[in-house]
Amino acid sequence: MTIALQYSHITVNDPDEALTFYRDALGLEVRNDVASGGFRWVTLGSPTQPGLELVLSEPHAGRSKADGDALQELLTKGVLTQIVFRTDDVDATFEKVRSAGAEVLQEPIDQPWGPRDCAFRDPSGNTVRISQEPKAA
């Protein structure tokens, strides 16, 4: 038996605005864009991980009003789970994302537990970290 992660969901206020970050700044490719019931689900992925996709959706997409309202409140507070990407060059990736206008939370630094990383907020306020494996000694 094998098991692998296929989808991870990211709640956003506006899928089009989120695309400018995830597609244009981070370089992910759009795999699917589905509209249903007045909402959209946009899936994106990296060519280096063809079986893994991120799903962007609004708080009320596919949820009850009460659940969507609760999720919207958490999104507004900026307390939803962060997402961490891996890159082979965190400094170059940082400059690309910063030059695209993303809100910088942390410039690249070497962490005491090993990786070099940086952090941004996406247009909806989600924390996005970008990490580089430590160089072999």
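Residues numbered from 1 in each chain as written. Predicted model: local features only at pLDDT ≥ 70, side-chain atom pairs only at ≥ 80, totals over all residues. Heavy atoms only, no water.

**Details of the sheet that holds strand S5 (residues 83-86)**
Strands belonging to one sheet form pairs held by backbone hydrogen bonds; the direction of such a pair is parallel or antiparallel. Strand order in the open sheet formed by four strands is S5-S8-S7-S6, with mixed pairing between adjacent strands. Of all the strands in the sheet, just S5 and strand S6 (103-110) have a single pairing partner and so form its edges. Neighbouring strand axes in the sheet, compared pairwise and without regard to direction, differ in orientation by 15 degrees on average. Two elements, S6 and strand S7 (residues 116-121), share five bridges in a ladder whose sense is antiparallel. (Pairing = 2+ DSSP bridges. Helix = DSSP H or I, 4+ residues; strand = E, 2+ residues; numbered from the N terminus. Axes fitted to C-alpha atoms, helices over the stretch in contact; angles between N-to-C directions.)

**A closer look at the sheet that holds strand S3 (residues 39-45)**
Pairing is mixed across the open sheet formed by four strands, whose spatial order is S1-S4-S3-S2. The strands lining the two open edges of the sheet, one partner per strand, are strand S1 (7-11) and strand S2 (29-36). Adjacent strand axes in the sheet meet at a mean angle of 20 degrees, parallel and antiparallel pairs treated alike. Pairing of S3 with strand S4 (residues 53-57), which is carried by four bridges, proceeds in the antiparallel orientation. Bridge pairing in S4 places leucine 44 opposite leucine 54. Strands in contact with helix H1 (residues 15-25) are S1, S2, S3 and S4; relative to S3, the strand with the most contacts, it is inclined by about 5 degrees. (Contact = heavy atoms within 4.5 Å.)

**Description of H1**
Listed as buried for H1 are Pro15, Ala18, Leu19, Phe21, Tyr22 and Ala25. Here H1 starts with a cap whose side-chain oxygen sits 2.9 Å from the backbone nitrogen of aspartate 16, and that cap is aspartate 14. A positive backbone phi angle near 85 degrees is found at glycine 27, which sits one or two residues after H1. (Buried < 20%, exposed > 50% of the residue type's maximum accessible area, 1.4 Å probe, protein only. Polar contact = N/O pair within 3.5 Å; in protein donor to acceptor, adjacent residues only side chain to side chain.)

**What about the side chain of serine 57?**
As for its position among the elements, serine 57 is in strand S4. Not counting residues within four places of it along the chain, the set of residues in contact with serine 57 comprises Ile10, Thr11, Val12, Arg40, Trp41 and Arg63.

**Focus on helix H2 (residues 65-77)**
The end-to-end C-alpha distance of H2 is 18 Å, a good match for the 18 Å that 13 residues give at a rise of 1.5 Å each. Buried residues of H2: Gly68, Leu71 and Leu75, and no others. For H2, the arc enclosing every buried residue in end-on projection is 65 degrees, short of the 170-degree limit, so these residues lie on one face. Exposed residues pointing more than 90 degrees away from the buried face of H2 are listed as Lys65, Ala66, Thr76 and Lys77. At its buried positions, H2 is contacted by S1. (Expected span 1.5 Å × (residues − 1). Arc of directions from axis to C-beta.)

**Regarding the nonpolar core**
Formed by 23 residues in total, the largest nonpolar core has its most connected members in Phe21, Tyr22, Leu26, Leu56 and Phe85. Breaking this core down by element, the ones donating at least two residues are H1, S3, S4, S5, helix H3 (90-99), S7 and strand S8 (127-132). No other element matches H1, which puts five residues into this core. Filtering out sequence-adjacent residues up to four positions away, leucine 26 remains in contact with Phe21, Phe85, Lys96, Val97, Val128 and Ile130. (Core = buried A, V, L, I, M, F, W, Y, C linked by side-chain atoms within 4.5 Å.)

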